[in-house]
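Descriptive analysis of the structure
Take a look at the letters that make up each chain.
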Amino acid sequence: MSNAKERKHAKKMRNQPTNVTLSSGFVADRGTKYHNGGGRPFHQAQKQEPFPGTSRQRQTKMTHHSPVDPDVKEQSSSKIMFKKKGGWKAGPEGMSQEIPKYITASTFAQARAAEISAMLKAVTQKSSNSLVFQTLPRHMRRRAMSHNVKRLPRRLREIAQKEAEKAVHQKKEHSKNKCHKARRCHKNRVLEFNRRQKKNIWLETHIWHAKRFHMVKKWGYCLGERPTVKSHRACYRAMTNRCLLQDLSYYCCLELKGKEEEILKALSPMCSIDAGLTFAAVHCLSGKCQGSVLLYRANRYPREMLGPVTFIWKSERTPSHTSESRQLWIWLHPTLKQDILEELKAACQCVEPIKPTICTPGPLLTTSEEKSQTELPDEKIGKKRKRKDDGENAKPVKKVIGDGTRDPHQPYSWISAATGIIISDLTMEMNRLRLIGPLSHSILTEALKAASVQTEGEDTEKTPHHWWIETCKNPDSVSLHHRQEAIFELLGGITSPAEIPAGTILGLTVGDPRINLPPKRSKVLPNPEKCQDNEKVRQLLLEGVPVDCAHSFIWNQAICKNVTENKISDQDLNRRRSELLVPGSQLVLGPQESKIPILLIQQPGKVTGDDRRGWGSGWDILFPKGWGMAFWIPFIYRGARVGGLKESVMHSQYKRSPDIPGDFPDCPAGVVFAEEQAKNLLEKYKRHPPAKRPNYVKLGTLAPFCCPWEQLAQEWESRVQAQEEPSVASSPSGEDSDSRRDKLPCAPTPENTDLWSDEGGTSLSSCSEPREAMDTECPARVGTEWVACQDATGSLLCVLRSRKWLKQLSTWCGPSSRDKRAARRASGSGEPAPTRAACLPLLERFPRALVWVSLALLRKGSPEPHSMICVPTEEDFLRLRQDQLYCGPQESKHSDPFKSEIRKQKERKKVEKRQNKQAPTEREGLAGGPPAAGHQALTLGLWSGPLPGVTSHCSRVLLGFVTQGDFSMAIGGGEALGFVSLTGLLDMLSTQPAAERGLVLLRAPASPQYRFARIAVEV
């Protein structure tokens, strides 16, 4: 047999049992006689062995010990014949086997039985690791055979069923560490979430927002910026016709406790009645309404502003009751907290820290404990770390509720020994949600139900909510609760929150809102049946909520702590709900139900202007911490749409109110915000190649990423002074002074310019005073310190907020273009232009002031932030009269003075690159000389170095800048908000004709096209 056939035969016999022998063509087998057909020689068949071996062993014995029979060669008839080409012929080796003459039945049967049993064993026993369906040919295999036995042939189903019943092939529980998502998941999520809250504060709705919003880290918090789905128009429709929900728990709360006279005396220097109401407003002092006020540094009005705040006085149970100790809550944006807190401590003389009385968040690991946990023994390095479970002694990890970044050793309360006032920082000690839209009433009344009165039950001390049982024992408290509940039910039938007096406060105690949760999301609608009592509704709309009904237990920190600690967990609540006899029925907890004190505050919405009054009104809900998600989910299940920071900016833009902190350029927080915004926009600009970004130098845009307010106000002041002194200008000394004023914007001092500059050469503010005036310095923001300097007239940059002068400016500008009929009437009535005598008192008090204005485009166009507000010329008005469809002029192309310098800069970089490839010795020699790249780095398309005159750089005189701008879905056109120079505005209004008074030009930073817009000052 050839080698190939031997290998083929060996492969065939590989899985055969040893007690089965097939005929083979080996020469060694030719000399054996088989008489019984049992694979044994005839002369040994006579002799039966008691323990016979296998047939292969017996065959081997006879092959070596038996002589060859000579008669075998003569029996040609018994040869094994093979069919080959040309007929039947003998085997290749001439092998032959003699047929036995007789057989023994018993011996033959035993031999066949052994072979049959071996064959059955070979068939039933698997010889490989493959499954049954894997032994089939590939064209017969199906994917369903791995889990469905009936897809196999019938002969293999029984074996496959036995394989499936084995434990090896049973479906195992998937390990959480196999997929990437599961590997990232921490074993103890609460412990991991507590660790991640050490750097940035999480709101209680953070996990909900993180799954549905783009998250940003701002102001020390992790906040939702905008939804992941396209919802810009949907959010506007929700604010206009339905309801928008926002989480404002990141707003900070400062509490002042003390005598009312002492508090008012300390806070009066920080505000002015000229800018509006103060802390001493009558309707706010009683606790009936929420007030808003603009805070300044003590006795520094109208400059050195700190920021806008809202405040709430704790109401008294009866109006005649006078208590020496009053509580005042001041709510403010987190960017304003540090400056206002320091000023409050200085004004109230609260310098002595005391131990905080508020409850601190759950315990966090200290630095030493973290190090002890992270240190591992040497033998465990490189292995997976597993947290040890102490079994019964293991302490459950408490979830951080509130501010997880608070240091327990740092004081959060201060007291004054002189005035007795206590200032406490209650940031993140309460949740604040905001509902905006006409359906706010319906959602509130459907999601929240007044707490039931409980006077009898279990032992008062053992009940977790014993404070409510003690309250219900007082008849006056029960009567007050019923009156609050009746007023709250009346809200369900009122169409819009704008119908209620602005800032109305209503206190209430409600039950657990999770109990009334509907099975599916639905949209609630107003119920007019709740307003059947027209007299009570009319009294509520005219007078608001009575003073005594504004009382709430949320002012008591001990009660708030009790409500937070005794909250029923969601797991326990769901377990009790599953045990109900009738699934889906109302869950009744009885005395175990939580009672939560809340405070409802009406938000007035749009309060300026004549159009869309009350748009964006709603309600704010204050409640203790730990209950954020318990109130959040029921509001969403009633049809509220959730918005983020972007929706807050849109809300303020449509109300035409300044956004905090971006629209407060005279506030330290506003300056920091402008710096960060300019830095981010510059980085984004540099990420694009020069061919894919606009060249602002050629477009005539000096500051595309920032607004140089100080330089704008200074240049307009110098410009008006130069126009008013023609007689002085004719003299030689006057020519010198005038020329110096003309050069004043273009030649700033190097010490004061480029206060914030980088490779792009943009600066947030630059000073325009000449070098000769050494007695003054311009205000700037360096780092986080406010460098306040005064000029020759003792003035600083400020924003005009005097209501008296704002009303006068609004009259001079005329009505906004939103009311076209009123605009025509005003233009026809011939309202007198502002004269120099009328403007002189205003300019003397506010020489460098900015005015908050709103602009509406006459025709197409969508304004952008940092767009330029310019003064139109007589030629522009003439073309507009001739062609009513005239869009506006275009700015001519400017030359780039930095083009050659940038080309030289590129050449220097190439030389440096070649020098870096030289030998180390040569590089060391060059290093000793002056550096080749000592020049300031330039960026193509941006103005480098000090800014020239911003007002006269372009063909149209610059008046101001836009801070918010976009297409307005409310008016169906472009709308913008921004600031203009007060001096420039008065100068423009005095020179414009009556028919075109209030018309300005808007130009985007990356466009040469000017577009007409109407300016308005709304009060």
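Residues numbered from 1 in each chain as written. Predicted model: local features only at pLDDT ≥ 70, side-chain atom pairs only at ≥ 80, totals over all residues. Heavy atoms only, no water.

1. Some points on the packing of aromatic side chains
As enumerated under the stated definition, the model contains 23 aromatic pairs in all. Ring geometry for Y236 versus Y654: centroids 5.1 Å apart, planes at 35°, classification tilted. Note that Y236 is positioned in helix α9 (residues 232-241) and Y654 in helix α21 (residues 645-655), a separation of 418 residues in sequence. The same class applies to Y236 and to Y654, which are both buried. Three or more aromatic residues joined by ring pairs form one cluster here, namely W219, Y221, Y250 and Y251. Over the face of the ring belonging to W414 we find K345, whose NZ or CZ atom lies 4.3 Å from the ring centre. The ring of W615 carries R612 above its face, with NZ or CZ at 5.7 Å from the centroid. (Phe/Tyr/Trp six-rings, centres within 6.5 Å; stacked < 30°, edge-to-face > 60°. Helix = DSSP H or I, 4+ residues; strand = E, 2+ residues; numbered from the N terminus. Buried < 20%, exposed > 50% of the residue type's maximum accessible area, 1.4 Å probe, protein only. Lys NZ or Arg CZ within 6 Å of the ring centre and 35° of its normal.)

2. Digging into the side chain of T427
Take T427: it is sitting in the loop between β13 (422-425) and β14 (430-436). Within the structure, T427 has its side chain in polar contact with the side chain of K337 (distance 3.4 Å). In this structure the side chain of T427 is engaged in a polar contact, spanning 2.6 Å, whose partner is the side chain of D425. Discounting chain neighbours no more than four positions away, the residues touching T427 are Y221, C252, C253, K337 and R406. (Polar contact = N/O pair within 3.5 Å; in protein donor to acceptor, adjacent residues only side chain to side chain. Contact = heavy atoms within 4.5 Å.)

3. A few points about the pairing of strand β9 (residues 305-313)
For β9, a buried count of 8 out of 9 residues is recorded, marking the element as mostly surrounded by other parts of the structure. Strand direction decides the pairing type here: strand β8 (residues 291-296) and β9, joined by 6 bridges, are antiparallel. Within the sheet, the bridge partner assigned to V293 lies in β9 and is V309. (Pairing = 2+ DSSP bridges.)

4. Brief notes about the nonpolar core
Counting 73 residues, the largest nonpolar core has L800, L809, V851, L855 and L982 as the members making the most contacts within it. When residues of this core are assigned to their parent elements, the largest contribution, 7 residues, is made by strand β22 (residues 849-857). In contact with L800, not counting residues within four places along its chain, are W805, L806, L809, L842, F846, L850, V851 and L982. A447, A450, L506 and W627 belong to the second-largest nonpolar core, a separate cluster that totals 49 residues. (Core = buried A, V, L, I, M, F, W, Y, C linked by side-chain atoms within 4.5 Å.)

5. Here's the deal with the sheet that holds strand β3 (residues 201-202)
The strand order across the open sheet formed by 3 strands is β3-β5-β4, and the pairing between neighbours is mixed. Since the sheet does not close on itself, it has two edges, and those belong to β3 and β4 (213-218), each with one partner. Pairing of β3 with strand β5 (residues 221-227), which is carried by 2 bridges, proceeds in the parallel orientation. Within β5, the residue paired with W202 across the bridge is C222. Strand contacts of α21: β4 and β5, with the helix running at about 70° to β5, the strand carrying the most contacts. (Axes fitted to C-alpha atoms, helices over the stretch in contact; angles between N-to-C directions.)

6. Considerations on the packing of helix α24 (residues 709-723) against helix α33 (residues 982-991)
Between α24 and α33, the shortest axis-to-axis distance is 8 Å and the interhelical angle comes to 45°. Considering the angle they form, α24 stands oblique to α33. Once α24 is placed against α33, the crossing between them reads as left-handed. Residues W716, V720 and Q723 of α24 form the contact with α33, whose own contacting residues are T983, G984 and D987. Looking at the contact of α24 with α33, its residues break down into 2 nonpolar, 3 polar and 1 charged. (Parallel < 35°, antiparallel > 145°, perpendicular 65-115°, else oblique. Left-handed = near helix turned anticlockwise from the far one by under 90°. Nonpolar A, V, L, I, M, F, W, Y, C, P; charged D, E, K, R; others polar.)

7. Quick notes on unusual backbone geometry
That bond from Y301 to P302 is cis: its omega, 10°, falls within 30 degrees of zero. Following the sequence through the fold, P302 ends up in the loop between β8 and β9. The omega angle of the peptide bond from I660 to P661 is 0°, so this bond is cis rather than trans. If you check the backbone angles, M428 has positive phi at about 65° while not being a glycine. Tracing the backbone through its elements, the reader meets M428 in the loop between β13 and β14. The exposure class assigned to M428 is buried, which follows from its relative accessible area of 4%. Even without being glycine, H866 reaches a positive phi, approximately 70°. Along the chain, H866 turns up in the loop between β22 and β23 (868-871).

The values reported here are purely geometric and, on their own, carry no functional implication.
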